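Residue strings, one per chain:
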Amino acid sequence: MFVVTSDGPLKGRVLVIEADEQILGRRSTSDLVIDDPHVSRAHATVRKTAGAVLIEDLKSTGGTWVNDEQVSGSAALKHGDVVKFGNIETRFEDRGANMQGDDDTEVLEIEPSEAKPILSPRQGEVLEFLKEGLTNPEIAEKLGVTERTVKAHCQEVFDRLGARNRTAAVAAAMRMGLFED
């Protein structure tokens, strides 16, 4: 679990890691919610695997830090580690640490794979329209949905590609080879 230690309205808040993989972020639908403007909507992934807890930054704006070192790739967490999400400082507490022996968890570094993000068919359509430079009203008309629905699809595409706007989303998709032509 993470205990917020930085001063402010969130101080003392506890974020419990319950599932094998959870998304930490500002978005209300995140598994672990930190409602602070310095925390990205989808900021980091927390994974429990083989008895270890790993954290991976999701290309957040403010970065993820463990004991004052910026996380690139995955980092293994140990009981008592200071973990920062943007400006929010937390302390990682491992409930099982008191029950285990003295041995630290050993984590093997595995080369990161360039896995393409998974987009739904509708998100793929929206991304194609973004590439063509269509506006939200134009996309809504082509898809037969509301402009609000298009905005929601665009935001999901941005989040999955780690982009902040239309241009960055199209550029990321091109880098990842998501366009067929």
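Residues numbered from 1 in each chain as written. Predicted model: local features only at pLDDT ≥ 70, side-chain atom pairs only at ≥ 80, totals over all residues. Heavy atoms only, no water.

An unreviewed UniProt entry annotates the protein chain as FHA domain/GGDEF domain protein originating from Euzebya pacifica.

What about the overall build of the protein chain?
Put simply, the rule is: For helices the rule is a DSSP run of H or I covering at least 4 residues; for strands it is a run of E covering at least 2, with both sets numbered from the N terminus onward. Exposure classes here rest on a 1.4 Å probe applied to the protein chains alone. A residue is buried below 20% of its type maximum, exposed above 50%, and partly exposed in between. Computed with the Shrake-Rupley method and a 1.4 Å probe, the accessible areas treat only the protein chains shown as cover for residues.
Secondary structure assignment for the protein chain yields four helices and 11 strands. When burial is assessed residue by residue, the protein chain has 36% of its 181 residues classed as buried. Put simply, the protein chain shows about 11,300 Å² of open surface, and 47% of that area lies on carbon and sulfur atoms.

Here's the deal with the pairing of strand S5 (residues 44-49)
Here is the rule: Here a strand pair is declared whenever DSSP counts at least two bridges between the two strands.
Bridge count for strand S3 (residues 21-25) against S5 is four bridges, and the pairing is antiparallel. Pairing of glutamine 22 across the sheet is with valine 46, part of S5. Where S5 meets strand S6 (residues 52-57), six bridges bridge the pair, whose relative direction is antiparallel. Note on S6: the bridge partner recorded for threonine 49 is alanine 52. The hairpin formed by S5 and S6 contains two residues between the paired strands, and alanine 50 there has a positive phi angle of roughly 50 degrees.

Looking at the sheet that holds strand S11 (residues 88-92)
Read from one edge to the other, the open sheet built from six strands follows the order S2-S1-S11-S10-S7-S8, with strand pairing classed as antiparallel. Two strands lie at the open edges of the sheet, namely strand S2 (14-15) and strand S8 (69-70), each paired on one side alone. Here three bridges tie strand S1 (residues 2-4) to S11, and the two strands are oriented antiparallel to one another. Across the sheet, residue valine 4 finds its bridge partner in S11, namely threonine 90.

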